[in-house]
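Okay, here's what each chain looks like letter by letter:
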Amino acid sequence: MNSQTPYILDSSPVSYAIGSGALEYSERFLEKFPRIIVLVDENVAVHCLPVFQKRLPAVVISGIINIQAGEEKKNLEASKYIWSELTRMKVDRDALIVNLGGGVVSDIGGFTAATFKRGLQFINYPTTLLGMIDAAIGGKTGIDFGKYKNQVGLFVDPKSVVIDPIFLKTLDDKQLQSGFAELLKYALITDLDLWEMLKGIKYNQITEWNKIIVKAARDKIDIVKHDAFEKGIRRNLNFGHTIGHAFESFFLMKDRPVTHGLAIAAGMYCETYISSKKHGFGCDVVNEIVSMINLNFHHLDISHEQIPELFEIMMQDKKVRGGKLQFSLLKRLGKTVHNCEVDDELVKESLYFYIEKRACSEND
């Protein structure tokens, strides 16, 4: 068994256990619930559920709900299946839902728990890097609708979040890469120390994740603590996401889904360019960021002719106000501003910059 001590934070209303040993520590979060229902996807059921059960042998699981894996399955049909299973199991409001999985599981698990019988309590056990540093923290839940990302959902806090790097050993290369995009985002928007830790390193070269995960998770917890409902500073977390979500939805609509991280990396590439034009920082910074993205992510296959379609998708973004796109942009490395209105032409310029794989030039 793991004897390491995790970082513990009781940030009411959510308790956090983060780092090596968090899984074993979390037994105290579970013991007061008379029934525990575990939600997993088909991959987690094979690779992560056995780890959960081995590390928590005293925890009695009353039922397991297994859903299909993938962002394209985070929809109303899957929600109906989960509600049906909870009904079949005669689950009442004293039960606890354990969301064991990545961002899809925590999103749909929180959403279905919060809406079943007007609210069941749930705990998030993220098993992906993306879940550990982002999706499982902050109370955002939801599903995709009409192939648009997170169109239906609500803010609702989990009872606890348990983040243990032990699950990273179960990840394939693609999922590790996906989470690394969100790590870069935190480094760029708020944490220069994290940027220095990551700069020049490929995601698959990192062997010691504990310190990095604790640092990034605390960054998000701190932001959420000051702005739970995304009225101010939490909007800074949207850097890379206005264009990134458009990329993600675009490829989903083409039945060629890409990972969230790959789409967000492309979004950060474009929005770094926009940031430099809006806030006047030099090409040296742009190229430093772009080089790091290129080191870790391949370019998405998209053409100039598809830009109007991307724009149409962007206009469905939740950050659109009065028909105008709103961005969270870098003011400089480690500093972000939100609610930045950007002209359509500059957005198009950034897409050309990405598609053409250009280096930034002071003559641009």
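Residues numbered from 1 in each chain as written. Predicted model: local features only at pLDDT ≥ 70, side-chain atom pairs only at ≥ 80, totals over all residues. Heavy atoms only, no water.

Draft legend 1. Structural detail: the overall build of the protein. Helix and strand counts for the protein come out as 15 helices and 11 strands. Here the C-alpha radius of gyration of the protein, 20 Å, is about what a compact globule of 364 residues would show, namely 21 Å. Judged by the C-alpha coordinates and their principal axes, the protein covers about 65 × 40 × 35 Å. The contacts of the protein with a sequence gap of at least 6 include a subset with a gap of at least 24, amounting to 76%. Total accessible area computed for the protein in this model is approximately 15,500 Å², and 48% of it derives from carbon and sulfur atoms. (Helix = DSSP H or I, 4+ residues; strand = E, 2+ residues; numbered from the N terminus. Rg over C-alpha atoms; globule rule 2.2 N^0.38 Å. Contact = heavy atoms within 4.5 Å. Areas by Shrake-Rupley, 256 points an atom, 1.4 Å probe, with all protein chains shown as cover.)

Draft legend 2. Representation of the pattern of salt bridges within the structure. For the structure shown, the criterion picks out 19 salt bridges. The partner of Lys 220 in a salt bridge is Asp 134, with the nearest N and O atoms 3.2 Å apart. Remark: Asp 134 occurs in helix H7 (residues 129–135) and Lys 220 occurs in helix H10 (residues 210–226); sequence separation between them is 86 residues. Note that Lys 215 is salt-bridged to Asp 191, the shortest N-O span being 3.3 Å. You can see Lys 215 sitting in helix H10 and its partner Asp 191 sitting in the loop between helix H8 (173–190) and helix H9 (192–198), a full 24 residues away along the chain. Beyond isolated ion pairs, a larger network of salt bridges with shared partners links Glu 71, Lys 74, Asp 107, Asp 144, Lys 149 and Glu 248. (Salt bridge = Lys/Arg side-chain N within 4 Å of Asp/Glu carboxyl O.)

Draft legend 3. Broad picture of helix H11 (residues 241–253). Between its first and last C-alpha, H11 extends 17 Å over 13 residues, near the 18 Å set by a 1.5 Å rise per residue. The buried fraction of H11 is high, at 12 of 13 residues. Listed as buried for H11 are His 241, Thr 242, Ile 243, Gly 244, His 245, Ala 246, Phe 247, Glu 248, Ser 249, Phe 250, Phe 251 and Leu 252. Looking one or two residues beyond H11, the residue adopting positive phi is Asp 255, at roughly 55°. (Expected span 1.5 Å × (residues − 1). Buried < 20%, exposed > 50% of the residue type's maximum accessible area, 1.4 Å probe, protein only.)

Draft legend 4. Here's a closer look at the side chain of Glu 85. Within the secondary structure, Glu 85 sits in helix H5 (residues 76–88). Accessibility expressed as a relative area gives 13% for Glu 85, which makes it buried.

Draft legend 5. The arrangement of the sheet that holds strand S1 (residues 7–11) in detail. Spatial ordering of the open sheet is given by S1-S2-S9-S6-S5-S3-S4, a layout of seven strands whose pairing is mixed. Of all the strands in the sheet, the pair left with one neighbour each is S1 and strand S4 (63–67). With direction set aside, neighbouring strand axes in the sheet form an average angle of 15°. In terms of strand pairing, strand S2 (residues 14–18) meets strand S9 (residues 160–163) through four bridges, oriented parallel. Each residue of the ladder has a partner; that of Ile 18, found in S9, is Ile 163. Packing of H5 onto the sheet brings it into contact with strand S3 (36–41), S4 and strand S5 (96–101), and relative to S4 it is tilted by some 165°. (Pairing = 2+ DSSP bridges. Axes fitted to C-alpha atoms, helices over the stretch in contact; angles between N-to-C directions.)

Draft legend 6. Up close: a nonpolar patch on the surface. Residues Leu 76, Phe 145 and Val 152 make up a contiguous nonpolar surface patch of roughly 250 Å² in combined accessible area. Val 152 gets classed as partly exposed once you look at its relative accessible area, which sits at 32%. (Patch = residues over 30% accessible without salt bridge, like charges linked within 9 Å, V, L, I, M, F, W, Y side chains within 5 Å.)

Draft legend 7. Spotlight on the packing of H8 against helix H13 (residues 283–296). Running from N to C, H8 and H13 cross one another at 165°; their axes reach a closest spacing of 11 Å. Considered as vectors, H8 and H13 are oriented roughly antiparallel to each other. Relative to H13, H8 is oriented so that their crossing is right-handed. Of H13, the residues touching H8 (which contributes Gln 177, Phe 180, Leu 184 and Leu 188) are Ile 289, Met 292 and Asn 296. (Parallel < 35°, antiparallel > 145°, perpendicular 65-115°, else oblique. Left-handed = near helix turned anticlockwise from the far one by under 90°.)

Draft legend 8. Quick peek at the environment of Gly 200. On the secondary structure map, Gly 200 appears in the loop between H9 and H10. Using a relative accessible area of 54% as the deciding quantity, one classes Gly 200 as exposed. Excluding anything up to four places from it in sequence, Gly 200 contacts Met 292 and Leu 295.

Draft legend 9. Region of the structure containing the layout of surface pockets. The space that makes up the second largest pocket amounts to roughly 280 Å³. Taken together, 15 residues make up the lining of the second largest pocket; nearest its centre are Pro 165, Ile 166, Leu 168, Lys 169 and Thr 207. Along the lines of polarity and charge, the residues of the lining of the second largest pocket split into six nonpolar, five polar and four charged. (1 Å grid on protein atoms, 1.4 Å probe; cavity = no way out; pocket = protein on both sides within 12 Å on 5 of 7 lines; lining within 4 Å. Points joined across faces, edges and corners; volume = space filled by probe spheres on them. Nonpolar A, V, L, I, M, F, W, Y, C, P; charged D, E, K, R; others polar.)

Draft legend 10. Representation of unusual backbone geometry in the model. You will see that Asn 150, though not glycine, has its phi angle at about 50°, which is positive. Although it is not a glycine, Asp 255 adopts a positive phi angle of roughly 55°. Relative to the helices and strands, Asp 255 resides in the loop between H11 and helix H12 (260–279).

Draft legend 11. Up close: empty space enclosed by the protein. In the structure shown here, the tally under the stated rule is three cavities of 30 Å³ or more. Space inside the largest cavity adds up to approximately 120 Å³. The wall of the largest cavity is formed by Tyr 148, Lys 149, Gln 151, Thr 242, His 245, Ala 246, Ser 249, Ile 313, Met 314, Gln 316, Asp 317 and Lys 318. Broken down by secondary-structure element, the contributors of at least two residues to the lining of the largest cavity are strand S8 (148–155), H11 and helix H14 (307–314). Tallying contributions element by element places H11 first for the lining of the largest cavity, with four residues. Along the lines of polarity and charge, the residues of the lining of the largest cavity split into four nonpolar, five polar and three charged. Of the pockets and cavities examined, the second largest cavity occupies roughly 40 Å³. What lines the second largest cavity is Ile 37, Val 38, Leu 39, Ile 65, Ile 82, Leu 86, Ile 97, Gly 109, Thr 112 and Ala 113.

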